[in-house]
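# Inside the fold
Here is what each chain is made of, one letter per residue.
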Amino acid sequence: MTIARVAIIGLGLLGGSIGLAVKARAPHIATTGWDRDVSVRERASARGLVGTVCDTPEGAVADADLVILCVPVGAMGDAARAIAPGLAPDAIISDVGSSKAAVADALAAALPGACIIPAHPVAGTEQSGPEAGFATLFAGRWCILTPPEGADPAAVAALSDFWTQLGSKVELMDAAHHDLVLAVTSHIPHLIAYTIVGTASDLEDVTQSEVIKYSAGGFRDFTRIAASDPVMWRDVFLTNKGAVLEMLGRFTEDLTALQRAIRSGDGDTLFDLFTRTRAIRRAVIEQGQDDERPDFGREHGQ
Ligand code: NAP
């Protein structure tokens, strides 16, 4: 199964980055794209995110071997229904959604009988829109495919090969397991960032200007995550409810244990945890998932 033509539906950060990565790393693959927002289509065209920006979803997917839905997870069903009339019968339908079980259900309901292989490139930024994409977003990052039971192995191999060409490392996973793993590694960290930034901005004894002025103490690193797209993240929490609530239960217990350690002056518990977490940071860097420069690589004046 050869992928010669890819249609990208949704031309924001993820869709735009796929288009640019194909252009840079796999120029033999033709790309088309569509977004429901006419202004996004115009800006995508101006940036050359895909070879052809089409005016209709049917036009974008006509003759595509692979269609990738790059819209918020709550919009996957609508986007799939919009492309249905134009799909080639043997096209592979995939997506980049951050939660997988709910998206798999939405796609299967909208496109009965289609070859659906959901995927999640674990790569992103807090930016969104057609100006946000860049060709190297996926380089060295994992892309998790969650093929349903009975999925065509040739289609899985073709999709895996596509992501490898964009520079990703590919792993296959069951959708439910994906949702649990990402609840811990992505969804709960975002929820914590949204909470701490919200709490700080609601405080009465500490002014907002103080929060911003002294943010280099740690707070500013949470503000980057908490600046992430509100539509995308609302949908992630609504569609990965079970796994997020399960992990949030564990997190709350651990937080309570720390609260107790602080109250009782139990320095050993705090020290042991902080030593273990430092080792996790070292492992993240050793595995090439972050920059080893101190302070997230920020440049500092002398
Ligand atoms: P984005 O920059 O906001 O782009 C999404 C685009 O899809 C927007 O232009 C949006 O238009 C459009 N859209 C919404 N509903 C649509 C529909 N029914 N049909 C066609 N286009 C539609 O978002 P993104 O960051 O690329 O996220 C896209 C997907 O990637 C999400 O499912 C997200 O979970 C996943 N993802 C994101 C990241 C990340 O870090 N951002 C990482 C990995 C995976 P409007 O503006 O008009 O709504």
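The rules behind the values
- Residues numbered from 1 in each chain as written.
- Predicted model: local features only at pLDDT ≥ 70, side-chain atom pairs only at ≥ 80, totals over all residues.
- Heavy atoms only, no water.
- UniProt positions renumbered as here; feature names shortened; annotations may be inferred.
- Near = heavy atom within 4 Å.
- Polar contact = N/O pair within 3.5 Å; in protein donor to acceptor, adjacent residues only side chain to side chain.
- Areas by Shrake-Rupley, 256 points an atom, 1.4 Å probe, with all protein chains shown as cover.
- Helix = DSSP H or I, 4+ residues; strand = E, 2+ residues; numbered from the N terminus.
- Nonpolar A, V, L, I, M, F, W, Y, C, P; charged D, E, K, R; others polar.
- Buried < 20%, exposed > 50% of the residue type's maximum accessible area, 1.4 Å probe, protein only.
- Arc of directions from axis to C-beta.
- Contact = heavy atoms within 4.5 Å.
- Salt bridge = Lys/Arg side-chain N within 4 Å of Asp/Glu carboxyl O.
- Core = buried A, V, L, I, M, F, W, Y, C linked by side-chain atoms within 4.5 Å.

Per an unreviewed UniProt entry, the chain goes by prephenate dehydrogenase and derives from Erythrobacter dokdonensis DSW-74. Among the UniProt annotations of the chain, the heading Sequence similarities (unreviewed entry) holds the following wording: "Belongs to the prephenate/arogenate dehydrogenase family." As stated in UniProt under Pathway (unreviewed entry), the record for the chain gives "Amino-acid biosynthesis; L-tyrosine biosynthesis; (4-hydroxyphenyl)pyruvate from prephenate (NAD(+) route): step 1/1."

### Things to note about the site of the ligand
Taken together, 26 residues sit near the ligand, with Leu14, Asp35, Val71, Ser98 and Gly129 positioned nearest. Asp35 places a polar side-chain atom, nitrogen or oxygen, 2.7 Å from an oxygen atom of the ligand. When isolated, the ligand has an accessible area of 890 Å², and the protein chains bury 87% of it. Counting residues per element, the ones that place at least two in the shell around the ligand are helix H1 (13–25) and strand E7 (119–121). Looking at the shell around the ligand residue by residue, the class counts come to 14 nonpolar, 9 polar and 3 charged.

### Quick look at unusual backbone geometry
We note that Asp63 has phi near 70°; this positive angle belongs to a residue other than glycine. Locating Asp63 in the fold gives a position in the loop between helix H3 (57–61) and strand E4 (66–69). Overall, Asp63 belongs to the exposed group, its relative accessible area being 60%.

### Some points on helix H2 (residues 38–47)
Looking only at H2, the buried set comprises Val40, Arg41 and Ala44. Angular distribution of buried residues about the axis of H2 spans 100°; they occupy a single face of the element. Exposed positions of H2 whose direction lies more than 90 degrees from the buried face are Glu42 and Ala46. On the buried face of H2, the contacting elements are strand E2 (30–34) and strand E3 (52–53). For H2, the N-terminal cap is Asp37; the gap from its side-chain oxygen to the backbone nitrogen of Ser39 is 2.9 Å.

### Looking at the pattern of salt bridges
For the coordinates displayed, the defined rule picks out 7 salt bridges. Between Arg81 and Asp78 there is a salt bridge, with its nearest N and O atoms 3.0 Å apart. Highlighted residues: Arg81 and Asp78, both in helix H4 (residues 76–83), separated by 3 residues, approximately one helical turn. In this structure, Asp290 engages Arg281 in a salt bridge whose closest nitrogen and oxygen atoms are separated by 2.8 Å. Accessibility expressed as a relative area gives 30% for Arg281, which makes it partly exposed.

### Side note on the nonpolar core
With 36 residues, the main nonpolar core has Ile18, Phe138, Phe162 and Trp163 as its most contacted residues. When contributions to this core are tallied by element, the ones reaching two or more residues are strand E1 (5–9), H1, H2, E4, strand E8 (142–145) and helix H6 (153–165). Non-local contacts of Trp163, meaning those with residues more than four positions away in its chain, are made with Ile18, Val96, Ala119, Pro121, Phe138, Cys143, Leu145, Ser168 and Val170. Core analysis: the next-biggest nonpolar cluster, separate from the first, contains 24 residues, Ile9, Ile83, Ile93 and Leu107 among them.

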